[in-house]
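Reading the structure
Listed here are the chains, written in short residue letters.
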Amino acid sequence: MNRPINRIDPLHSVQSYQTYSISQRPDVLVRAACQQVGCGAWLNGWETSLDETTELGRQQAAYIRTRAGRTFREQRTAAGLTVFRFDSGQRCFAEHKTNPEVYGVRDGDWRGNPTGRSRQHQRPSDWVEDFGEHQLRIADQQQKG
């Protein structure tokens, strides 16, 4: 059962309001960097152990040493495995996907958008800056009376 929305009656017309929103489209996934998704390997570093007595192990080790472009330390275990220890703060080998946030601003409030004007910010920091400037304009208007 849906709970009814409890809204305060607005003091002004719908034209007097602006709505800021952050939403996610459930049907969209995009590639993302380790840092964006809070990847544990990116945060803490990681180890990859390879058996270079196999063809696959030799190929993977060669890739890490020559083409991976990551910082690592290499050592051998008593069992003959090669262990690559990667420092934190660098991209791991996984491909991450995330559901991107949409940072929207539109005229009006829950009653509608009388002008039809709306826009999306590309970066969260731009949305935060816009929101802060809007709050300052409201505070200035309240001070003036």
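Numbering of residues begins from 1 in every chain and follows the order in which that chain's sequence is written. At least 70 in pLDDT is required for a residue's local features to be given in this predicted model, at least 80 for side-chain atom pairs to be given and counted, and no such filter applies to totals for whole chains, interfaces and linings, which use all residues. Each side-chain value is derived from all of the structure's non-hydrogen atoms; neither hydrogens nor water enter the calculation.

Some words on the nonpolar core
Going by this rule: What we call a nonpolar core is a set of buried Ala, Val, Leu, Ile, Met, Phe, Trp, Tyr and Cys residues that are connected through their side-chain atoms within 4.5 Å. Each residue's exposure class comes from its accessible area (1.4 Å probe, protein chains only) as a fraction of the maximum for that residue type: buried when under 20%, exposed when over 50%, partly exposed otherwise. We call two residues in contact when some of their heavy atoms are within 4.5 Å.
Cys34, Cys39, Ala41, Trp46, Leu50, Ala61, Ile64, Phe84, Phe86 and Cys92 form the largest nonpolar core, which has ten residues in total. Here Ala41 is in contact with Trp46, Ser88 and Cys92, once residues within four sequence places are set aside.

Notes on the confidence of the model for the chain
Atom-level detail of predicted coordinates should not be read off regions where pLDDT is low. Counted only if it meets this: Confidence of the predictor in every single residue is expressed as pLDDT, which spans 0 to 100. Working definition: helices are DSSP H or I runs of at least four residues, strands are E runs of at least two. Numbering for both runs from the N terminus.
Confidence in the prediction for the chain averages 92 pLDDT; 99% of positions are at 70 or higher. When mean pLDDT is compared element by element in the chain, strand β5 (residues 82-86) scores highest at 98, while strand β2 (residues 30-32) scores lowest at 89.

Description of the side chain of His96
Inspection of the secondary structure puts His96 in strand β6 (residues 96-98). What His96 contacts, discounting residues up to four positions off in sequence, is Val30, Arg31, Ala32, Ala33, Cys34, Val37 and Cys39.

Here we look at the sheet that holds β5
Formally: Strands are labelled as partners when DSSP assigns at least two bridges between them. Each axis is a line fitted through C-alpha atoms, and for a helix only the stretch in contact is used; angles between axes span 0 to 180 degrees, taken between their N-to-C directions.
With respect to topology, three strands assemble into an open sheet ordered β3-β5-β4, the strand pairing being antiparallel. Two strands in the sheet have a free side with no partner beyond their single neighbour: β3 (46-50) and β4 (72-76). For this sheet, the mean angle separating the axes of adjacent strands, direction not counted, is 20°. Note that β3 and β5 share five bridges and pair antiparallel. Paired with Glu47 across the two strands is Arg85, which belongs to β5.

A word on the side chain of His121
With respect to the helices and strands, the residue His121 is situated in strand β8 (residues 118-121). Dropping the residues within four chain positions of it, His121 is found in contact with Tyr103, Val105, Asp126, Trp127 and Asp130.

Concerning the sheet that holds strand β7 (residues 101-107)
Read from one edge of the open sheet, three strands run β1-β7-β8, paired in antiparallel fashion. Two strands bound the open sheet, and with one partner strand each, they are β1 (18-24) and β8. Sheet twist, expressed as the average angle between the axes of neighbouring strands with direction ignored, equals 25°. Contacting β1, β7 and β8, helix α4 (residues 124-144) crosses the sheet at an angle of about 160° to β1.

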